[in-house]
Amino acid sequence: MERLHWVWHRCQTLMGRESGQGWYSSTDGLPNKNSLDTQCSPHRVSGKRRTVFAHQGPHQHEYEAVSKNYKGNAIRTTKYRLLTFIPMNLFQQFRRAANLYFLFLALLNWVPVVEAFQKEITMIPLLVVLTVIAIKDALEDYRRYLYDKKVNNNDVRVFCGKQKEYVEQCWKDVRVGDFICLSCNEIIPADMLLLYSSDPRGVCYIETANLDGETNLKQRQVIPGLPLQGGEFTPENFHSRIECENPNNNFSRFRGYMEHSSGVRVGLHNNNLLLRSCTIRNTETVIGIVIYAGHETKAMMNNSGPRYKCSHLEKRLNTDVLWCVALLIIMCLTAAVGHALWLKNIKDPVFVIDVETPPALAGFYIFWTMIIVLQVLIPISLYVSIEIVKLGQIYFIHNDIDLYNELLDSRIQCRALNITEDLGQIQYLFSDKTGTLTENNMVFRRCSIFGVEYPHEENARRLEVCAVENKAAGHTMTLRPQPEPVPSTATWKEPHSLSEKEVVPDPELVKKLNWFCSPVLPLKEGSSGTSSSLELTYITDFFLALTICNSVVVSSSSQPRHVVPEARMPLKSLEEIKMMFQRFSFSPFTALSTLSPHQVKGSPRSFTSRLFTRGKTEFLTSSTPPNSSTSETDPGKESNLETSILRDKVDLPSQEKGGNSGPVEDDIKDAKTTDICCGAGPDLETDYDSDADDDLLYEAESPDEAALVHAARAYRCTLRGRSAESLLVDLPGIGSLSVQLLHILPFDSNRRRMSVVVRHPLTGQVVVYTKGADSVIMDLAETPKGDDQAQEIDCHIKEQTQKHLDSYAREGLRTLCIAKKVLEEEEYEVWLRRHVLAESSIDHREELLLESAERLETNLTLLGTTGIVDRLQEEVPETIEALQRAGIKVWILTGDKQETAINIAYACKLLGPYDQLLRANCGSKEACSAFLDELKLEVQHGQESLTDGVEAEDHEESSSRSFILVIDGKTLDWALQEELQSDFVELSRKCKAVICCRSTPLQKSQVVRLIRDQLRVMTLAVGDGANDVSMIQMADVGIGISGQEGLQAVMSSDFAVSRFKHLSKLLLVHGHWCYFRLANMILYFIYKNVMYVNLLFWYQFFCGFSGSVMTNAWVLIFFNLLFTSIPPLIYGILDRDLPADSLMAVPELYQNSHTSKLHLPYMFWITVLDAFYQSLICFFIPYFALTGSDVGVLSFGSPINASALLIVLLHQVLESHTLTWIHVLVLLLSGGSYFGFVLLFSVYCVTCSPPTNPVGVETLQMSQPLFFIICAITTVTALLPRMFFQALHNTVLCSAALNSSHLDKVESEKYRQRMQHWNRGHSKGNRLSVCVDNPGLEASAASVVS
Amino acid sequence: MMASSYNAKEEDGHHSGAASHGGPAVAKSKKPDNTAFKQQRLLAWQPILTAGTVLPAFFVIGIFFLPIGIGLFVTSNNIKEFEIDYTGVDLDSPCYSCAKNFSWNSTTPCVCTVDFTLEQPFESNVYMYYGLSNFYQNHRRYVKSRDDSQLYGDLSSLKEPSKECEPYRKRDGLPIAPCGAIANSLFNDTLDLYHIESNGTVNVIPLVNRGIAWWTDKHVKFRNPGGNNNNLTVAFQDTAKPVNWRKPVYELDPTDLENNGFVNEDFIVWMRTAALPTFRKLYRIIHKKSSTTPTLPSGRYVLNITYNYPVLSFDGRKRMILSTISWMGGKNPFLGIAYITVGSICFLLGVVLLIIHHKYDNRNNSADIPS
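Residues numbered from 1 in each chain as written. Chains lettered and ligands numbered in written order. Predicted model: local features only at pLDDT ≥ 70, side-chain atom pairs only at ≥ 80, totals over all residues. Heavy atoms only, no water.

Another point: helix H43 (residues 1161-1186) of chain A. Given a rise of 1.5 Å per residue, 26 residues ought to cover 38 Å, and the 37 Å separating the end C-alpha atoms of H43 of chain A matches this to within 8%. Looking at the residues trailing H43 of chain A, positive phi occurs at Gly1188 of chain A, about 80°. (Helix = DSSP H or I, 4+ residues; strand = E, 2+ residues; numbered from the N terminus. Expected span 1.5 Å × (residues − 1).)

Here it is in structure tokens:
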């Protein structure tokens, strides 16, 4: 069944996709069978290419020849069209096994020999189900249609060839080859190539929030080498031909080239492509040419349907349904055999019509007749009901105010609609650490440079204050004002977090920096000349690295994302800079700044460059006369020089070795800024103060980056702006510098680091700054050869840094190491050549790029390390404790260091003070295997000693002590291998918690899969970042934390919450409720069907197994479809076995559903048995009361039906734990509808329902006391046992539960108080059984029917 | 209620979809309404059944059921019923020969006489039933084999009976009226009852054949074709009588012209198919003559049977039943016993629960929530 379901779903998504293309709307006038045509279009046959010409350009003919098969930009996400809705919808629906079953029954009824009812009647269930689903589909489709219409009719400015200007057109009229002009904040209507940007550097920024939820700006580059006329782009002159790959759904890859009319080919990359539904930011005007439109855009091709997961309960249900099928077949076979035997023993009866049929054949016919008669036994409507119930449950989850985050104004997102009840059965919870347990609000805490630790005490104090404030804010839930202009900006850009970001600098470090900046300070600060100047170099390099080694995009808060900060840059035109550069190039200081790399390593480069700078300044001031600010600089200059000379001495030894290595190249630097910086001393302070005033907004891909940039800013190394080729940086003592950016080797999880290759602004060398995970960087940082002293220093630094790293990790800080490497020109050239090759390669590009990056990132010089604090989210320890008490094993899977992870685990109370840590760090597989065995023994031993000690020692202490396994990535790799899997699982099963550190995304998902498959438990994975996606998808329930790392996790999750603490309510309350409700509803549904169908079955014993029924067929069909269909739905949506408060207060209650106790097979059979009993009572009491009398068929059925209805409804009352007015109303309506229907039927239906004519039956029956007498005793007798056993069960269990050790005294006392409180709140004086379903009572539960 | 929640969900789902597709974010707060319904805090009665709660219910049921049961039992016992089997299975039974020599085609009716003695007088109205056993009037194909529109007097159905009537739909090209197997197998024994007084005089007991069918059947469901036209012969022109019938439908009751055609009450009674294979059907009513004399005084009676209906072939039995009735119908001690039993069981369970309640409630009290 589930298989079928799945197949059906697959087919549907497939159909959806096909339909998206196949029934593509022809609003743009293109032929309808587009997709079919494209299948055989020459482009696809000739290769995976698409050629695009300008639509309105001079290549009309080529355009028409080539583009006629390209789709227009109109989209149609609807599945159906108005006219074809009914056939298509029917077609869709009959892919479903359930509907096919109904169809089969309906058709079966048309076979004359087996016909059971009138032909129309068996169509009714089918019709009802089809109609309900069709209406649902139609509504959904209509919404999609409206949405499509809205999107299709958005306006956009498209270049019109005739009018030679941009005219407004609808999105749907945009075609491939059109030129589109977009302004800032407009949404891109189709995938297009960026041809022009108003930005002088030819970049434009886009926000991809609509695609992947990432709110940071991404840069896109104009295609180089386009003919521009006077800086403007003219579509008329666009003669180029674009060749690119055929539409695909890969966001991150785009390949192609543009061939100009001159024959020059320009490669096209992903960063020339503007994707549909992204938003233009920060750029005034953008012009692009459409290359993919409509459904061929990457955004649309990535549009997949909702997630479909089959919940465990549904799988269980499928087995139950199979049992029902078995039951049905048994009943039908009984009837068939019975009929054959009966027929054989009867000779020449007047009441048998076709006596010619041999008994065996008649029995065979009866088998099928009975299938029709007893069709309701298969609870097909259950599937529809479950879907409706889940929607209702989702509605309530979605509306829970406790799962609403006021700060973000976000509710819980329920993305998967059909696994609500799985939330109630979670046994293993896998959590990411960063952003999930913690805020992911990275704040710079401390750092270590040159092996010297800067503790940042002030900073720590500030953080504490912030934490308190934040907590208070979180508790009072005051709605913070959103930054008005751009509401979609991520949280950490909010004012309050901004203040948190501001780092209080460490005085020591400031002093050192100042010493560098303000030369007036005496030299004595430094201990030894060499080391201090070296240290200074390190410090400046360190901060420069912090500032530039990132992918942060800068925008100004005053005009967010619109005006590029560069606008206020004092940069002059390119020409001027070039001229300046030419003047500098012969600088007498060249020798100082161009040292060979290994010499440079030991030398204070920044210092030399300071000299260099100064020299240039001097040069400048003298050579470029009337400069307004020259005069200001004079006072400080002398002293500056003084110090430089002093320091120069220090450097001389190393510098002397230096050879000439070419002139300094494009040191793009502005004279004016240099002047300011040279103004030095007192001026500097004010200068920076003013800088701090205008808020720069940093938008980083990861919060770590932002934290580091902010930290650097606190030390006045400010990132001011960024373009594709350069970075604008303020440096203390130097001022605004433009750093030429040669390459960014972006972060990836394999390398675990990122690098930037820049040309150093001062020395002009090619420098690689690398920032990454400490383990990686420490491995890559190599001791330079040669110079002993340098080696010694380096060793010392590494040693010290490692020490600091360890201490940071113990503190729970996230550590990042910063390193650098100076490349010689030739070295760089060599690397560059291969890198370009890698970049331009079409196949294996990613691998080649990775390899290229790895080639570069070697022999690094360790500069220092940073410690970033990431606070725990509020109520995380409480949540984890509650989850653990609920019997959920919490695992932490993190990429962080072991110490950091353990520390966080302590902080969130995953680790208790008595817990025993088992660390698994193994180097080889054998070691790992041996170690696992050892640990297993240890755990076993430990547990034995614990259990032995239970009686002797204090109970509480021993029970709270348990084992925690900490395993690192490498060991995990071994442990996940097939031979060791079982050992690992065995071991981890015995541990209270497992912490996997240094784990890759792949490992995370492997762990989840291992546990899920090996232990056959329900797993839940929660994470917030892209690295958690695979884990989230692997787990039975995936929860995304909508945090700061984009929306990938949310997009792949089933539920998305904004805080970790929401998990406790989601699981403990909603999960419990949903599971409880659904499990009970399913049981009830099965009970109802079995009970009612059995009535018909018992009758077969008295009608010669002829398939006769004692009811009117309409009543029979409607009984399930109408009269008793709504109450179970209400039951499934609204029932609450326990109030939310107590579920939260006593998480142990959650354990019940763990073992699927509610829906164990025996519960199913108890239910079925009870149904059998009730049907026996319900049939045989009327039978004995009426036997031998002159009762007619329908008159006999009347009390049976009525009492069956009463029993079914009252059974629900007994079963449900809450009765609200809605329940009462629905129950009354159900009962009323039955009696109303049969009475009206018996009054007005004279010949409407042949042959079982109901006229007068019910009216007569209900006017007789016998009817009521029978109904009364039948109902009471049928419900008596359940009522009795339930009372017994509850009474016995209740007291037992209270005595059980599961709730220790304090807890139960607390609980009691809460309950009292709750009860008072619900003033009705309810009697509330606290421990209805309390754990630990399996033994007694077996004997109990409930 | 369902629809509204469903819609709300859809909107939400769609909303997120829209957001992911480029619609500008709505500035409205997404905070859920803090209503009792949405937060699932509706005032609710929590019927958690414990011994304490259920206890009174059990006793109440016991208290109600016992007297009802006793009442029913007494009523049932007061009903007088007499039953006699006249099938003629045994050699010594008077109808043996009739039963043996039966054929549907015989023109001369076979008559047999059964003597019986009523020990007790029947005081009130006496209902005379014929009872059939092992006669499956509820067989699926049999039950369906009728045409209600034809019986409703529909002229087109009279000429073209429903297919359900097969194989008793047409006879020699003429439509059968009334068609179908039920009509065809109409019970056609004639029963006459005579009282033999002690002095030997034989009194015919007047058997009333009106008022034996349901009012709705007689007046609503069954109608002769052609409305109130008295000339049934014309109305049933061009129709054939059912195969097993000796007389056409318009000559069913020679004594009363109103009681002919489809509205013949014996026919109507027969057409209401019995629920169980052993059943009785009302045949005649013996009205009470005066308040002083019993309707049927005790003594000897003779039952004259015109034996037309074969049941032996399928092991059936025919009976004649005389019964008085009460407010709860005919004689049936089952309900009374059932009520008494269930009432007693309830009491018993109540006591059990009381014990359990006492045993467990003491411990319970410590943590039970005061109500």
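Right, picking up where we left off after that structure.
Here the focus is the nonpolar core. In terms of nonpolar packing, the biggest core is built from 139 residues, with Leu374, Phe1179 and Phe1196 of chain A touching the most fellow members. If one sorts the elements of this core by residue count, helix H38 (residues 1062-1100) of chain A sits on top with 18 residues. If we skip the residues at most four places from it in the chain, Phe1196 of chain A touches Tyr1099, Met1110, Phe1179, Pro1182, Tyr1183, Leu1186 and Val1191 of chain A together with Ala275 and Leu276 of chain B. Counting residues in hydrophobic clusters, the runner-up holds 77 residues, among them Cys95, Tyr168, Ile182 and Trp245 of chain B. (Core = buried A, V, L, I, M, F, W, Y, C linked by side-chain atoms within 4.5 Å. Buried < 20%, exposed > 50% of the residue type's maximum accessible area, 1.4 Å probe, protein only. Contact = heavy atoms within 4.5 Å.)

Another aspect to go through is a negative patch on the surface. A contiguous patch of negative charge, built from Glu824, Glu826, Glu827 and Glu829 of chain A, is present on the exposed surface. Secondary-structure assignment places Glu824 of chain A in the loop between strand S25 (814-823) and helix H27 (825-840). (Patch = residues over 30% accessible without salt bridge, like charges linked within 9 Å, V, L, I, M, F, W, Y side chains within 5 Å. Areas by Shrake-Rupley, 256 points an atom, 1.4 Å probe, with all protein chains shown as cover. Salt bridge = Lys/Arg side-chain N within 4 Å of Asp/Glu carboxyl O. Lys, Arg positive; Asp, Glu negative; His and termini not counted. Charge placed at Lys NZ, Arg CZ, Asp CG, Glu CD.)

All names here are of chain A. Spatial strand order, S14-S33-S32-S31-S15-S27-S30-S29-S28: 9 strands in an open sheet with mixed pairing. Looking along the sheet, the strands with just one partner apiece sit at the ends: strand S14 (413-414) and strand S28 (916-920). Looking at chain direction, S14 and strand S33 (residues 1055-1057) are connected through 2 bridges and run antiparallel. Note on S33: the bridge partner recorded for Gln413 is Ala1056. (Pairing = 2+ DSSP bridges.)

Time to look at the environment of Ile1082 of chain A. Within the fold, Ile1082 of chain A resides in helix H38. Judged by relative accessible area, Ile1082 of chain A falls into the buried class, the value being 1%.

The next thing to look at is the pattern of salt bridges. Under the criterion given, the structure shown has 39 salt bridges over all chains. The partner of Glu705 of chain A in a salt bridge is Lys771 of chain A, and the shortest N-O contact between them spans 3.5 Å. On the criterion of sequence distance, the pair formed by Glu705 of chain A in helix H24 (residues 703-714) and Lys771 of chain A in strand S24 (residues 766-772) is long-range, its members being 66 residues apart. Linking Lys170 of chain B and Glu160 of chain B is a salt bridge whose minimum nitrogen-to-oxygen distance equals 2.7 Å. Here Lys170 of chain B, found in strand S4 (residues 170-171), pairs with Glu160 of chain B, found in the loop between helix H6 (155-159) and S4; they are 10 residues apart in sequence, far enough to count as distant.

Let us look at the UniProt feature "binding site: Mg(2+)" (unreviewed entry) in chain A. Residues and elements named next belong to chain A. UniProt records the feature "binding site: Mg(2+)" (unreviewed entry) for Asp432, Thr434, Asp1024 and Asp1028 in the present numbering. Across 597 residues in sequence, these annotated residues keep their C-alpha atoms within 10.4 Å of one another, forming a single compact spot. What makes Asp1024 buried here is its relative accessible area of 1%. (UniProt positions renumbered as here; feature names shortened; annotations may be inferred.)

On to the sheet that holds strand S9 (residues 299-307) of chain B. Residue and element names in this part refer to chain B. Overall, antiparallel pairing links the 4 strands, which are arranged S2-S9-S6-S7 in an open sheet. If you trace the sheet from one side to the other, it starts and ends with strand S2 (110-118) and strand S7 (202-204), each paired once. Ignoring strand direction, the axes of neighbouring strands in this sheet form an average angle of 30°. Of the strand pairs in this sheet, strand S6 (residues 190-196) and S7 are connected by 3 bridges, and their pairing is antiparallel. Bridge pairing in S7 places His195 opposite Asn203. (Axes fitted to C-alpha atoms, helices over the stretch in contact; angles between N-to-C directions.)

Attention now goes to the side chain of His835 of chain A. Residues and elements named next belong to chain A. Here His835 shows up in helix H27. Looking at His835, the relative accessible area reads 3%, which means it is buried. Apart from residues lying up to four places away in sequence, His835 is in contact with His743, Leu745, Leu849 and Ser852.

The subject of this paragraph is the state of the cysteines. Here is the idea: a disulfide is a covalent bond, and it sits between the sulfur atoms of two cysteines. Applying the stated criterion to the full structure yields 3 disulfides over all chains. Note that Cys95 of chain B is cross-linked by a disulfide to Cys112 of chain B, the S-S spacing being 1.9 Å. Between Cys95 of chain B and Cys112 of chain B, the disulfide has an S-S torsion of 85° and is therefore right-handed. With Cys95 of chain B in the loop between strand S1 (81-85) and helix H3 (96-100) and Cys112 of chain B in strand S2, this pair connects stretches of sequence that are 17 residues apart. You'll find Cys95 of chain B and Cys112 of chain B in the same group, each marked buried. What pairs with Cys165 of chain B in a disulfide is Cys179 of chain B, and their sulfur atoms sit 1.9 Å apart. Placement of Cys165 of chain B in the loop between H6 and S4 and of Cys179 of chain B in the loop between strand S5 (174-175) and helix H7 (181-184) is noted, with a sequence separation of 14 residues between them. A residue is classified by how much of its surface remains accessible, and Cys179 of chain B, at 2% relative accessible area, is buried. For chain B, the bonded cysteines connect in the pattern 1-4, 2-3, 5-6 when numbered consecutively along the sequence. A disulfide-free cysteine, Cys997 of chain A has its sulfur positioned 7.4 Å from the sulfur of Cys996 of chain A, the nearest such atom. (Disulfide = S-S within 2.5 Å.)

Tallied over the entire structure, the rule returns 73 aromatic pairs over all chains. A ring pair is formed by Tyr1084 of chain A and Tyr1131 of chain A, whose centres lie 5.9 Å apart and whose planes are at 75°; its orientation type is edge-to-face. With a gap of 47 residues between them, Tyr1084 of chain A in helix H38 and Tyr1131 of chain A in helix H40 (residues 1126-1134) connect regions that are remote in the sequence. Note on accessibility: Tyr1084 of chain A and Tyr1131 of chain A belong to one class, buried. Between Trp1098 of chain A and Phe1180 of chain A the ring centres are 6.4 Å apart and the planes differ by 50°, which places this aromatic pair in the tilted class. Placement of Trp1098 of chain A in helix H38 and of Phe1180 of chain A in helix H43 is noted, with a sequence separation of 82 residues between them. Relative accessible area serves as the criterion here: at 10%, Trp1098 of chain A is assigned to the buried category. The ring of Tyr307 of chain B has Lys318 of chain B sitting right over it, with the charged end atom 3.4 Å from the ring centre. (Phe/Tyr/Trp six-rings, centres within 6.5 Å; stacked < 30°, edge-to-face > 60°. Lys NZ or Arg CZ within 6 Å of the ring centre and 35° of its normal.)

What follows deals with the pairing of strand S23 (residues 753-759) of chain A. All names here are of chain A. Within S23, 7 of the 7 residues are buried, which leaves the element mostly enclosed by the surrounding structure. Residues Arg753, Ser755, Val757 and Arg759 line one face of S23 and the alternating positions Met754, Val756 and Val758 line the opposite face, and both faces are buried. Sheet analysis places strand S22 (residues 735-748) next to S23, joined by 6 bridges and oriented antiparallel. Its bridge partner lying in S23, His743 is registered against Val757. Pairing of S23 with S24, which is carried by 7 bridges, proceeds in the antiparallel orientation. Note on S24: the bridge partner recorded for Ser755 is Thr770. Once S23 ends, the chain turns through 6 residues before running back antiparallel as S24, passing Gly764 with a positive phi of about 80°.

The subject of this paragraph is helix H28 (residues 845-856) of chain A. All names here are of chain A. The first and last C-alpha atoms of H28 sit 17 Å apart over 12 residues, in line with the 16 Å expected at 1.5 Å per residue. All of the buried residues in H28 are Arg845, Ser852, Ala853 and Leu856. Along the axis of H28, the buried positions cluster into a sector of 100°, meaning they face one direction only. Residues of H28 that are buried sit in contact with S22, S23, S24, S25 and H27. (Arc of directions from axis to C-beta.)

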